[in-house]
Amino acid sequence: MSKKRENSAKRSLWFKCLKTLLKLFIKKPKYVFLGEEFAEKSIILSNHVGATGPLTHELYFPKPFRFWGTYEMNMGLGKVYKYLSRTYFHEKKHWKLFWAKAFSIIASPFAFLFYRGLKLIPTYRDYRLKTTFDISNRVLDEGISLIIFPEDSHDGYHTELKKFFAGFLVLAYNRLKKGEDLPIYVTYLNKETRKWMIDKPIMTSELFNSGKNKEEIAEQLRIRCNELGKMK
């Protein structure tokens, strides 16, 4: 591993200590590969499962990687509080607003530090998405994978995913145009069984040579993700 890559993927010492502590309470999932194991550099799609997905992958994913995540968690403590209290706990987890605000007073400082430790790549839904792509391209250039949660979770996290946003396909297609055919892994983490189903990788070129547009490809991958979730 090059020094440049190590610096980009490496978590800080305090964060590594925190992860060691968390592993005492969070069990490692069973990885079930339906094809090849993870390539050295790839795009990995996963369901979010609330906080379970990001936390599980951060503790146990076997290769250097960076997350995509909502930009609010990369900003100041006030923005983190607002996101947790109104968006995460109230809108997505369906808590009453009073309890969401009360709990977020306690949770926000810890979440703020945790997301700093993750080195999260912020995502946006407007012109600032270019920033997401710029950072992601630098990470991929260093040989580091991306873990992305593409599901639309505006009304909560669902066992059966309802929609995939297609932003990750814009990134993959732009890499393809520059001569790099990235493998994309569709995966599903089952919270109850602690199994992470990992489909065989699909090359970016295979997806775009199908004649489908980005939204149709995203829907194809969403359907496959739900199929993985139903596998015994």
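Right above here is the structure, for reference.
An account of the accompanying structure is given in this report. Here the structure is a predicted model, which means the values were calculated and not measured.

On to the overall build of the protein chain. The secondary structure content of the protein chain amounts to nine helices and eight strands. In terms of overall size, the protein chain behaves like a compact globule, its C-alpha atoms giving a radius of gyration of 17 Å where 232 residues would be expected to give roughly 17 Å. If one aligns the C-alpha atoms of the protein chain with their principal axes, the spans along those axes are about 50 × 40 × 40 Å. When the 232 residues of the protein chain are sorted by exposure, 48% land in the buried category. Taking all contacts inside the protein chain whose residues are at least 6 apart in sequence as the whole, residues at least 24 apart take part in 73%. For the protein chain, the exposed surface amounts to about 12,200 Å²; the carbon and sulfur share of it is 57%. If the 42 positive side-chain charges of the protein chain are averaged to one point and the 24 negative ones to another, these points end up 7 Å apart.

We now examine the layout of surface pockets. Put simply, the largest pocket is a space of about 1,400 Å³. Around the largest pocket, the lining is made up of 47 residues, and of these His48, Thr70, Tyr83, Tyr115 and Tyr157 lie nearest the centre. When contributions to the lining of the largest pocket are tallied by element, the ones reaching two or more residues are helix 2 (13-22), helix 3 (52-60), strand 3 (65-70), helix 4 (77-92), helix 5 (97-118) and helix 7 (167-177). The element contributing the most residues to the lining of the largest pocket is helix 5, with eight residues. The residue makeup of the lining of the largest pocket, split by class, is 31 nonpolar, 10 polar and six charged.

Rules used in this analysis
Residues numbered from 1 in each chain as written. Predicted model: local features only at pLDDT ≥ 70, side-chain atom pairs only at ≥ 80, totals over all residues. Heavy atoms only, no water. Helix = DSSP H or I, 4+ residues; strand = E, 2+ residues; numbered from the N terminus. Rg over C-alpha atoms; globule rule 2.2 N^0.38 Å. Buried < 20%, exposed > 50% of the residue type's maximum accessible area, 1.4 Å probe, protein only. Contact = heavy atoms within 4.5 Å. Areas by Shrake-Rupley, 256 points an atom, 1.4 Å probe, with all protein chains shown as cover. Lys, Arg positive; Asp, Glu negative; His and termini not counted. Charge placed at Lys NZ, Arg CZ, Asp CG, Glu CD. 1 Å grid on protein atoms, 1.4 Å probe; cavity = no way out; pocket = protein on both sides within 12 Å on 5 of 7 lines; lining within 4 Å. Points joined across faces, edges and corners; volume = space filled by probe spheres on them. Nonpolar A, V, L, I, M, F, W, Y, C, P; charged D, E, K, R; others polar.

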